[in-house]
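Here's the letter readout for the chains.
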Amino acid sequence: MDSLYGLAMRLTRNGADAEDLVADAVAKAWSAIATLEDRERVRAWLFRILHNCYVSEYRKKSVRPVEWSYDERSVDGAEDDLASWLGEQSDEFLIWWANPEREFANRLLGQDIMAAIEELPEVFRTVITLVTIEGLPYDEAAEILGVPPGTVRSRMKRGRTLLQKALWQHGKDAGLIAGDERQGCRI
Amino acid sequence: MTDVKHDSHPDDIGCLEAINGLYAYLDGEMNDPQAVRKFEAHLEHCRSCFSRLELESALAEHIRRSAKSRASDRLHDRLRQLIDGL
């Protein structure tokens, strides 16, 4: 139940809507329980019902406007290449990215990370929720979202890098990133 | 952006290929054993890519720890009533 609520929260970004969404999804699932063929995949089945319910009934009344700036056509193209995306970023960000410091993750507060995820476009925060938080394999996440596994792979790459960029900016603003010693970019 | 090949390792996949495979590796989605071997061999001598994997792993773990949502007692009660009424 907590997982369903977690996904609903990531989708709606609103506690009341998230509870309504879970209730609607559970009601739909309960009435369709006979159609569940593989009981070992009940979690993915529930996620799919909840996501479909969100898309068909909640997305349009979301408190915040839906953001859609991601070109799905890039999935099989050069734009899916992480290096290509990085090539478009500022030198300052690239230097930081290419000289990773594990401790940076430890300096971040959980609430900062969750705020950064919440600001991601819906397609990215949804796959990050399913794959990183819920630990689902790409093919199950793809089935839930009704997209090819390659799209999940692409969204995970892009979503993570967008998240890192947001966290880098936050780290810079909050003085969590060391400055002078971060030289010697190798990429 | 340029690729970095490690000259002392002739079969090295290079940093660009490693970076492009990093997330699949991290998510357990690198299914080709040969690709895994090449990726791990690259990490053994590339401090930059090794550190990136460490940071990505730490961030993923941090996300998992921070993201745990708990459905309220109110929601549990609501669902119980809902199911009882169906």
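Everything here concerns the structure above.
Just so we're clear, the structure is a prediction, and the values are computed from it rather than from any experiment.

1. Things to note about the overall build of chain A
Argument step 1. Assigned secondary structure in chain A consists of 10 helices and zero strands.
Argument step 2. Taken from the N to the C terminus, the helices and strands of chain A come in the order α-α-α-α-α-α-α-α-α-α.
Argument step 3. Contacts in chain A between residues far apart in sequence, at least 24 positions, make up 72% of those at least 6 positions apart.
Argument step 4. Carbon and sulfur atoms provide 50% of the accessible area of chain A, an area that totals close to 8600 Å².

2. Quick look at the packing of aromatic side chains
Argument step 1. Using the criterion set out here, one finds four aromatic pairs over all chains in the structure.
Argument step 2. Between the aromatic rings of Trp96(A) and Phe104(A), the centroid separation amounts to 5.2 Å while the plane-to-plane angle is 80 degrees, which identifies the pairing as edge-to-face. Considered together, Trp96(A) and Phe104(A) belong to a single accessibility category, that of buried residues.
Argument step 3. Here Arg52(B) stacks its cationic end above the ring of Trp97(A), 3.9 Å away from the centre of that ring.

3. Remarks on helix α3 (residues 42-58) of chain A
Argument step 1. Under the 1.5 Å per step criterion, the end-to-end length of α3(A) is 22 Å for 17 residues, consistent within 8% with the ideal 24 Å.
Argument step 2. Considered for burial, the residues of α3(A) that qualify are Ala44(A), Trp45(A), Phe47(A), Ile49(A), Leu50(A), His51(A), Cys53(A), Tyr54(A) and Tyr58(A).

4. Re the interface of chain A and chain B
Argument step 1. Every contact between the two is made by 47 residues of chain A and, on the other side, 41 residues of chain B.
Argument step 2. Regarding the contact of chain A and chain B, the summed buried area is about 4200 Å², with carbon and sulfur atoms giving 64% of it.
Argument step 3. The tally of links between chain A and chain B comes to four salt bridges.
Argument step 4. Summed over the shared surface of chain A and chain B, the result is 14 residue pairs in polar contact (both at pLDDT 80 or more).
Argument step 5. Counting residues per element, the ones that place at least two in the side of chain A that touches chain B are α1 (2-12), α2 (15-31), α4 (82-87), α5 (91-98), α6 (103-107), α7 (110-119), α8 (122-133) and α10 (149-173) of chain A.
Argument step 6. By residue number, the principal contributor to the side of chain A that touches chain B is α10(A), which donates eight residues.

5. Some details on the environment of Lys28(A)
All names here are of chain A.
Argument step 1. Turning to its location among the elements, Lys28 is positioned in helix α2.
Argument step 2. Along the sequence, Lys28 and Arg153 sit 125 residues apart, while their C-alpha atoms lie 29 Å from each other.
Argument step 3. Not counting the four nearest positions on each side in its chain, Lys28 is found in contact with Ile49, Cys53 and Glu57.

6. Quick word on the pattern of salt bridges
Argument step 1. Per the stated rule, a full pass over the model turns up 13 salt bridges over all chains.
Argument step 2. We note a salt bridge from Lys28(A) to Glu57(A), for which the minimum N-O separation is 3.1 Å. Taken together, the residues span a long stretch of sequence, with Lys28(A) in helix α2 and Glu57(A) in helix α3 at a distance of 29 residues.
Argument step 3. Notably, a salt bridge pairs Asp27(B) with Arg160(A), separated by 2.8 Å at the nearest N-O pair. Of this pair, Asp27(B) sits in the loop between α1 (15-26) and α2 (33-45) while Arg160(A) sits in helix α10, each in a different chain.
Argument step 4. Here Arg160(A) falls in the buried class, since its relative accessible area comes to 7%.

7. With respect to the packing of α2(A) against α3(A)
All names here are of chain A.
Argument step 1. Packing of α2 against α3 brings their axes to within 9 Å, and their N-to-C directions diverge by 120 degrees. On the basis of their axis angle, the class for α2 and α3 is oblique. Helix-helix and strand crossings are classified by hand; for α2 and α3 the assignment is right-handed. Residues Asp17, Asp20, Leu21, Val22, Asp24, Ala25, Lys28 and Ala29 of α2 form the contact with α3, whose own contacting residues are Trp45, Leu46, Ile49, Leu50, Cys53, Tyr54, Glu57 and Tyr58.
Argument step 2. Split into classes, the residues belonging to the contact of α2 with α3 amount to 11 nonpolar, no polar and five charged.

8. Side note on the side chain of Glu140(A)
Residues and elements named next belong to chain A.
Argument step 1. Structurally, Glu140 can be placed in helix α9 (residues 138-145).
Argument step 2. On the basis of relative accessibility, which here comes to 17%, the residue Glu140 falls in the buried class.
Argument step 3. Not counting residues within four places of it along the chain, the set of residues in contact with Glu140 comprises Arg41 and Ala44.

9. Overview of unusual backbone geometry
All names here are of chain A.
Argument step 1. Residue Arg13 is not a glycine yet carries a positive backbone phi of 55 degrees.
Argument step 2. Here Arg13 lies in the loop between α1 and α2.
Argument step 3. Judged by relative accessible area, which is 13%, Arg13 ranks as buried.

What counts, and where the lines are drawn
Residues numbered from 1 in each chain as written. Chains lettered and ligands numbered in written order. Predicted model: local features only at pLDDT ≥ 70, side-chain atom pairs only at ≥ 80, totals over all residues. Heavy atoms only, no water. Helix = DSSP H or I, 4+ residues; strand = E, 2+ residues; numbered from the N terminus. Contact = heavy atoms within 4.5 Å. Areas by Shrake-Rupley, 256 points an atom, 1.4 Å probe, with all protein chains shown as cover. Phe/Tyr/Trp six-rings, centres within 6.5 Å; stacked < 30°, edge-to-face > 60°. Buried < 20%, exposed > 50% of the residue type's maximum accessible area, 1.4 Å probe, protein only. Lys NZ or Arg CZ within 6 Å of the ring centre and 35° of its normal. Expected span 1.5 Å × (residues − 1). Buried area = accessible area lost by both parts, 1.4 Å probe. Salt bridge = Lys/Arg side-chain N within 4 Å of Asp/Glu carboxyl O. Polar contact = N/O pair within 3.5 Å; in protein donor to acceptor, adjacent residues only side chain to side chain. Axes fitted to C-alpha atoms, helices over the stretch in contact; angles between N-to-C directions. Parallel < 35°, antiparallel > 145°, perpendicular 65-115°, else oblique. Left-handed = near helix turned anticlockwise from the far one by under 90°. Nonpolar A, V, L, I, M, F, W, Y, C, P; charged D, E, K, R; others polar.

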